[in-house]
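# Structure at a glance
Given next are the chains, with one letter for each unit.
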Amino acid sequence: MNKGDIMSKKKGKLISVLGARNYITVNYDEFDECEYIQEALIRKYKDELSEVLIFATEAAQQKNWNEYTYQDRNDQEVYKMGLKKKIDNIIEEYDLDLKIKLIDIPEGFSEEELWEIFNIFTNEINEGDDIYFDVTHGFRYLAMLMMNILNYVKLSKNAEVKSIEYGLFEQLGPAYKVAELPLEDRNARILDLTSFDYLNDWVVGVDNFINTGDADKINNLSGRSIGKMFAQDESMDDQTRKLINKISKLIKSLKYFNDEIKTARGNKLNNTILNILSLLDEIENFETDSNNRISPLINLIDKIKDKFSIFDKNDKKGLKNYFQLLKWCKEHKLVQQGLVIFRENMISTIADEINEPYLPEHMKEKDYDYTLIEIRDEIGNALYSLIEEDQEYNPITNQEKFDFIRKGIKENFNDFLALYDKFRYKRNDVSHFGLSENSASQGQKVIDNFDNYTDELQQLLEEKY
């Protein structure tokens, strides 16, 4: 494979700000004699980078970009190599096919200039770029600006943040004292701040789940971000690994939960709810206070636990949990799903009360003279017959079974009939695409009706149970 082929497979960009002060040569990690942090980072990521973008004000360019000579305090002529020449030397040393670009930026002394800087940075980042960000130099506001730039390009250009680096020169002390040290004692670390970007992604993902009920974003983060947050945590013990595994399982279950609600999968949803509740309890029981990396994640997961507090971990049948699920549908505007869930769970609850089968597995327990869909439809017809008493019905099963079901509904769920009719009417309206004669003219009216019916249901449930 030639150099051109290797270059074509790389898409990493090192993005760095060059400052205007005098820099002192130090050793960053294993990279010796670096006047500029960029020298160390290019060496560190040389196999991933296709381009290095150096952003600099005019003053920084004059001071630190090009090579030049100047007179020191003792009138001695001093040669200043500058960052450009140093990068050229690294490219030659490692035989790199690396594009170097200097981008001029304003000083940032006004809000307008800050917006200009923002646009300059984002315009240099292309769709799908892998970003290696150096936040060592520049004005203090740049750190906050950089985080906003990262969040922006991750969304708008599908860029992926591979690394955020900071050259920790400060650990050596004041610059004038560092200059007095022999070079072999000027050993500074490169601080990896990438885990904070992953945490930020988690904040966004959890917030999205809490406010919309959609778990896709947090599910996409789970494997990638958890692993990277702890990749450099040498103190991670077996307990923490187990906890990370539990968190990964939780996120997958949230995705299943989200998918099963959207597709109204009543045959699986309660098992998923119970699994989520169990995982949340297990995660809560882990001791995390001593782990600075895991504690913020747990605080976010506590928000998810609050969200699931409407469900009962002891409801093995799922009948009460499914009625509680309507609260979730109301909060997240899942109207069609909520209308389906109410009708089907009402039928299941009646079947459970009168000892009739209502799940596929029930049909395996004994031989019935009817199918599952037939008994469920029979219960639906019995409900309707009690609402529209002037209508005649031919039983699907037999007259005795039909009358038995009607009697059970009257004795146990008579107070639910009016509400069932409201849900039924609105469900038909939605299922027929709003094309019936008496359909609601506006979507908001349907949403308002569903919200009101859900509130009525909760009141009836409190009175019954």
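The shown structure was predicted, so the numbers you read here are calculated from the model rather than taken from an experiment.

### Description of unusual backbone geometry
One non-glycine residue, D75, lies in the positive phi region at around 60°. Along the chain, D75 turns up in the loop between β5 (68-71) and β6 (77-80). On the basis of relative accessible area, D75 is assigned to the exposed category, the value being 60%. Backbone geometry at N158 places phi at a positive 55°, although glycine is not the residue there. Locating N158 in the fold gives a position in the loop between α6 (141-156) and β9 (160-167).

### Re the sheet that holds strand β4 (residues 49-56)
A sheet is described by the order of its strands in space; here six strands give the open sequence β7-β4-β1-β8-β9-β11, paired in mixed fashion. Edge strands, defined here as strands with exactly one partner in the open sheet, are β7 (99-104) and β11 (190-192). Adjacent strand axes in the sheet meet at a mean angle of 25°, parallel and antiparallel pairs treated alike. Summarising the sheet, strand β8 (residues 130-134) and β9 pair through five bridges and their orientation is parallel. Counted as the bridge partner of F133 is I164 from β9. Sitting on the sheet, helix α8 (residues 194-212) is in contact with β9 and β11, with an inclination near 140° to β9.

### Re the sheet that holds strand β3 (residues 31-34)
Pairing is mixed across the open sheet formed by three strands, whose spatial order is β3-β2-β10. What marks the edges here is a single partner per strand, and that holds for β3 and β10 (187-188). Here two bridges tie strand β2 (residues 26-28) to β3, and the two strands are oriented antiparallel to one another. Across the sheet, V26 pairs through a bridge with C34, a residue of β3. Sheet contacts for helix α2 (residues 37-44): β2 and β3; angle to β3, the most-contacted strand, approximately 150°.

### A look at the pairing of β5
Here four bridges tie β5 to β6, and the two strands are oriented antiparallel to one another. Across the sheet, the residue bridging to Y68 is K80, located in β6. In this structure, the hairpin formed by β5 and β6 is closed by a connection of five residues, where D75 is found at a positive phi of approximately 60°.

### Structural notes on the pairing of β9
Burial analysis of β9 places six of its eight residues in the buried class, which makes it a mostly covered element. Two strands pair when backbone bridges link them, and β9 and β11 are joined in this way by three bridges, in the antiparallel orientation. Bridge pairing links Y166 to L191 in β11.

### Some details on the packing of aromatic side chains
Taken as a whole, this structure holds 23 aromatic pairs when the rule is applied. An angle of 10° between the planes, with centres 6.4 Å apart, marks the rings of F209 and F308 as stacked. A residue pair is termed long-range when its members are at least 10 positions apart, and F209 in helix α8 and F308 in the loop between α12 (294-307) and α13 (319-331) qualify at 99 residues. Summarising the aromatic geometry, the rings of F342 and Y420 are spaced 6.1 Å apart at their centres and angled 40° between planes, so their arrangement reads as tilted.

### Structural notes on α8
Compared with the 27 Å implied by 1.5 Å per residue over 19 residues, the 27 Å span of α8 between its first and last C-alpha is a close match. Where α8 is concerned, the buried positions are T194, S195, D197, Y198, L199, D201, W202, G205, V206 and F209. Positive backbone phi, approximately 80°, marks G213, located one or two places after α8.

### Re the confidence of the model for the protein chain
Taken as a whole, the protein chain shows an average pLDDT of 90; of its residues, 94% reach a score of 70 or greater. The model gives residues 3-8 a pLDDT under 50, and that stretch makes five contacts with residues more than four places away or in other chains.

### Regarding the nonpolar core
Proteins that are soluble and globular tend to have nonpolar side chains buried together. Grouped together as the largest cluster of nonpolar side chains are 72 residues, with contacts concentrated most on I247, F257, F308 and L325. Beyond its immediate stretch of four places on either side in the chain, F257 contacts L269, T272, I273, I276, F308, F311, L325 and W328.

### Notes on helix α16 (residues 399-413)
Given 3.6 residues per turn, any residue in an α-helix points the same way as the ones three and four places further on. Here α16 spans 20 Å end to end across 15 residues, near enough to the 21 Å set by a 1.5 Å rise per residue. Inspection of α16 places K401, F402, I405, R406, G408, I409 and F413 among the buried residues, and these make up the whole buried set. Buried positions in α16, seen along its axis, are confined to an arc of 160° and lie on one side of it. Along α16, the residues that are exposed and aim more than 90 degrees away from the buried face are E400 and E411. Packed against the buried residues of α16 are α14 (335-353), α15 (372-387), α17 (417-431) and α18 (443-464). The backbone nitrogen of E400 lies 3.2 Å from a side-chain oxygen of the residue at the head of α16, namely N398.

Conventions and cut-offs
Residues numbered from 1 in each chain as written. Predicted model: local features only at pLDDT ≥ 70, side-chain atom pairs only at ≥ 80, totals over all residues. Heavy atoms only, no water. Helix = DSSP H or I, 4+ residues; strand = E, 2+ residues; numbered from the N terminus. Buried < 20%, exposed > 50% of the residue type's maximum accessible area, 1.4 Å probe, protein only. Pairing = 2+ DSSP bridges. Axes fitted to C-alpha atoms, helices over the stretch in contact; angles between N-to-C directions. Contact = heavy atoms within 4.5 Å. Phe/Tyr/Trp six-rings, centres within 6.5 Å; stacked < 30°, edge-to-face > 60°. Expected span 1.5 Å × (residues − 1). pLDDT = per-residue confidence, 0-100. Core = buried A, V, L, I, M, F, W, Y, C linked by side-chain atoms within 4.5 Å. Arc of directions from axis to C-beta. Polar contact = N/O pair within 3.5 Å; in protein donor to acceptor, adjacent residues only side chain to side chain.

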